[in-house]
Each structure stands twice: as structure tokens, then as C-alpha cells.
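Spelled out from the first residue to the last, the chains are:
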Amino acid sequence: MNMPATKMDIETATPTGTAAPVVAMTPKGPPRGETYARMARETAVRVIPPLVVVALLMLVWELVCRRAGSALPPPSKVFKDTKELILDPFFDHGGIDKGLFWHLSASLQRVALGYSLSAVAGIALGVLVGQSVWAMRGLDPLFQVLRTIPPLAWLPLSLAAFRDGQPSAIFVIFITSIWPIIINTAVGVRNIPQDYRNVAAVVQLNPLEFFAKIMIPAAAPYIFTGLRIGIGLSWLAIVAAEMLIGGVGIGFFIWDAWNSSHISEIILALFYVGIIGFVLDRLIAGVGKIVTRGTAPN
């Protein structure tokens, strides 16, 4: 009768001087149900408090503005007045009679171009100012003066120079968002630890290798802080600029609604402006977190 081998039998059968086989046991992860439950709890902690606050604010707004003689419409009236714009944002009747999708799309295209130019130029100038003492002494005072000029103060000058609303709006975005990128990049470059510079000197990195392997990774958290501030300023600038240059854009939509006394449409547009601004900020923050491997500020 065959009996199952015991631990003693296996040890006895092992040849002298030969190591017994070792079986690696892979630790089991938590059950899938527990993982989903933890994810649900984490999502609830992040989502429920803002929803509660928004619901309370909407309730207060509804109660305050439902009174007779109120200057602003309550949320229920805003939804009733703008229901068609919400349900059909893609209509295009020609000219400026377009749905909100087209206005937001035009604004985002201007922001994308102006912000991209400011990011490239801002990082380059920030690196120059951060690396060179002479550049810092010569350019930093100029940057500090120019960055205090309000965005819309540049618009008449840009209209005179470009004689067209589209490049003028892009220039306003560029000149508004470039300053925090320059300043934060310069601070990040100046704060590179001296040990990093010493190692680069020991291994004899050329300037291009030092830029790619030392400077950019070390200064990346500062750079992305400037980029986040810059994208917020870009979105603010385009809304203000479009109110004056006209054409298709969310800023012009808001101004046209004001001229037509459509307060509900203004409120709806402001809601979209806030949501898109939040998404743009989170997008840059997410890219920064990936690039800097979690060292960028949240």
C-alpha cells in the first residue's frame, strides 16, 4: 500500500550535500472586494464633502433669490432659461450664433497657442536667469516691472501692433502667463543642490547633458508650479480679452449675454468657465506629478 511521503521521508531522500528545493510562495493580495471597497471609501471622502457644500450653497441661493425683486435669478430659473443651451451645445446658426461648445472651443484654442508659446519662452528665460548672474541682474528688474502690468492694459497695444483680434488675444495670453513661469523656473534652477553640480563637474557633463540630466529633473517641481499658475492666468486673460475683441469665444458670449440682459446665460457661462479652469489646472498638475514622480506640489 502506497503511503504519502512525509517531511522526514523527503529530508531522508535528499542526497547528502545537495540543497533541498525551496518553493517560493507568492503572498496573496487583498481580496478584490476589499480593494473595491477601499477605492469607494477614498472616492467618497473626496467627492461627498464638495457635493454637500455645493448643495447647501445652491439651497441658500435658491431661497435668497426666489424673493420678489431679486436682481439675480435662482438656480431653478437659470436651468429653465438655459435648458436649450445645456442640452444642445453644438448648434451653429452662422456668425456668432453658436452653441457654447464652439465658444469654449475657440477660447481653448487661443489659450493652447498662447500658453504653449509662454511655456517655451518662459522656461528658456527662466533657465537663463537662474544660471547666469549677469542675466539675473539685467533681466530680473525688467521682469518684475512688466509682470505688474494688468493683462487688459496690453490689449490696446497688441491691437495697434497686430491689427487683428486673434493674434492680439494670443499675445495677451502669452504676456500674462509668462511671468510666473520665468520666475519659478529661475528659482528652481538657482536652488539646484551644489552636490548635483559637483557630480556633474566630476563626470564632466557637457552643458546639454547637464541641462537634460541635472537641471530639468531638479527644477521640475518649481517649473510645474509656474506652469500651473500660468494656465490659470491664461484662462483668466482670454475671458477678459474676448469681451473686448469680439468674435467667437466664451468671453464674447458673456459680454453679448450682458448686452442682451440674459443673466441666466452669464451664470451658465461662468459655471463652464470655472469647471474648465479647474480641469486645466488638474491636467497640468497631473502631468507634473508624472514628470516629477510625485515631487511636484499638489
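This report concerns the structure included in the present document. Just so we're clear, the structure is a prediction, and the values are computed from it rather than from any experiment. (Residues numbered from 1 in each chain as written. Predicted model: local features only at pLDDT ≥ 70, side-chain atom pairs only at ≥ 80, totals over all residues. Heavy atoms only, no water.)

**Topic: the nonpolar core**
One recurring pattern in soluble globular proteins: nonpolar side chains tend to sit buried together. Definition in use: We call a set of buried residues a nonpolar core when its members are Ala, Val, Leu, Ile, Met, Phe, Trp, Tyr or Cys and they connect through side-chain atoms within 4.5 Å of each other. Only protein chains enter the calculation, and the probe is 1.4 Å; a residue is then buried if its accessible area is under 20% of its type maximum, exposed if over 50%, and partly exposed in between. Helix and strand labels come from DSSP, where a helix needs a run of H or I of at least four residues and a strand needs a run of E of at least two; each type is numbered from the N terminus.
Counting 36 residues, the largest nonpolar core has Val111, Tyr115, Leu227, Trp235, Ile238 and Ile250 as its most contacted members. Taken together, the elements giving at least two residues each to this core come down to helix H4 (100–131), helix H7 (165–190), helix H9 (207–245), helix H10 (250–259) and helix H11 (263–291). Ranked by residues supplied to this core, first place goes to H9 with 11 residues. In terms of nonpolar packing, the next biggest core, distinct from the first, is built from eight residues, Val129, Trp179, Ile182 and Ala186 among them.

**Details of unusual backbone geometry**
For glutamine 204, which is not glycine, the phi torsion reads 60° and is therefore positive. Looking at the element boundaries, glutamine 204 is found in the loop between helix H8 (194–202) and H9. Residue classification places glutamine 204 among the exposed positions, given a relative accessible area of 68%. Residues other than glycine seldom take positive phi values, yet serine 261 does so here, at roughly 60°.

**Some details on a nonpolar patch on the surface**
What counts is decided by this rule: Patch rule: a residue counts if its relative accessible area is over 30% and it has no salt bridge; like charges are joined within 9 Å, and nonpolar side chains (Val, Leu, Ile, Met, Phe, Trp, Tyr) within 5 Å. Each accessible area value is a Shrake-Rupley result obtained with a 1.4 Å probe; residue values ignore everything except the protein chains displayed when judging cover. Each reported salt bridge corresponds to a side-chain nitrogen of Lys or Arg within 4 Å of a carboxyl oxygen of Asp or Glu.
Residues Phe271, Ile275, Phe278 and Val279 make up a contiguous nonpolar surface patch of about 420 Å² in total accessible area. Relative to the elements of secondary structure, phenylalanine 271 occurs in helix H11.

**Some details on the environment of threonine 148**
Rule in force here: Polar contacts, as used here, are pairs of N or O atoms within 3.5 Å; protein pairs need one atom able to donate a hydrogen and one able to accept it. Residues neighboring in sequence count only if both atoms are side-chain atoms.
Residue placement: threonine 148 occurs in the loop between helix H5 (133–146) and helix H6 (155–162). Sequence-wise, threonine 148 and threonine 176 are 28 residues apart; in three dimensions their C-alpha atoms are separated by 9.6 Å. Separated by 2.6 Å, the side chain of threonine 148 and the backbone oxygen of valine 145 make a polar contact.

**Observations concerning the environment of arginine 282**
Within the secondary structure, arginine 282 sits in helix H11. Residues arginine 282 and arginine 228 lie 54 residues apart in sequence; the distance between their C-alpha atoms is 8.5 Å.

**Comments concerning the pattern of salt bridges**
Summed over the entire model, instances satisfying the criterion amount to seven salt bridges. The salt bridge involving aspartate 92 is made with lysine 98; its shortest N-O contact spans 3.0 Å. Here aspartate 92 falls in the partly exposed class, since its relative accessible area comes to 42%. One connected set of salt bridges, linked through shared partners, spans Arg228, Asp281 and Arg282.

**Describing the packing of aromatic side chains**
Stated formally: Whether two aromatic rings pair depends on their centres lying within 6.5 Å, for rings of Phe, Tyr and Trp, where Trp uses its six-membered ring; planes under 30 degrees apart make the pair stacked, over 60 edge-to-face, and the rest tilted.
Inspection of every chain in the model, using the stated rule, returns six aromatic pairs. Ring plane angle 50° and centroid distance 4.8 Å describe the contact between phenylalanine 90 and phenylalanine 101, whose orientation is recorded as tilted. Note that phenylalanine 90 is positioned in the loop between helix H3 (75–87) and H4 and phenylalanine 101 in helix H4, a separation of 11 residues in sequence. Aromatic side chains phenylalanine 101 and tryptophan 102 sit 4.9 Å apart centroid to centroid with 80° between the ring planes, which places their arrangement in the edge-to-face category.

**Regarding the packing of H7 against H9**
Formally: Axes here refer to lines fitted to C-alpha atoms; in helices the fit is confined to the stretch in contact. Angles between the N-to-C directions go from 0 to 180 degrees. In what follows, roughly perpendicular refers to angles from 65 to 115 degrees, roughly parallel to angles under 35, roughly antiparallel to angles over 145, and oblique to any angle outside these ranges. The sense of a crossing depends on the near helix, which, turned anticlockwise from the far helix by less than a right angle, makes the crossing left-handed and, turned clockwise, makes it right-handed. Amino acids outside the nonpolar list (Ala, Val, Leu, Ile, Met, Phe, Trp, Tyr, Cys, Pro) and the charged list (Asp, Glu, Lys, Arg) are all regarded as polar, and Gly is one of them.
Across the interface, H7 lies against H9 with an axial gap of 7 Å and an inter-helix angle of 155°. By the angle class used here, H7 and H9 are roughly antiparallel. Between H7 and H9 lies a crossing of right-handed hand. For the contact of H7 with H9, the per-class residue count stands at 18 nonpolar, 10 polar and no charged.

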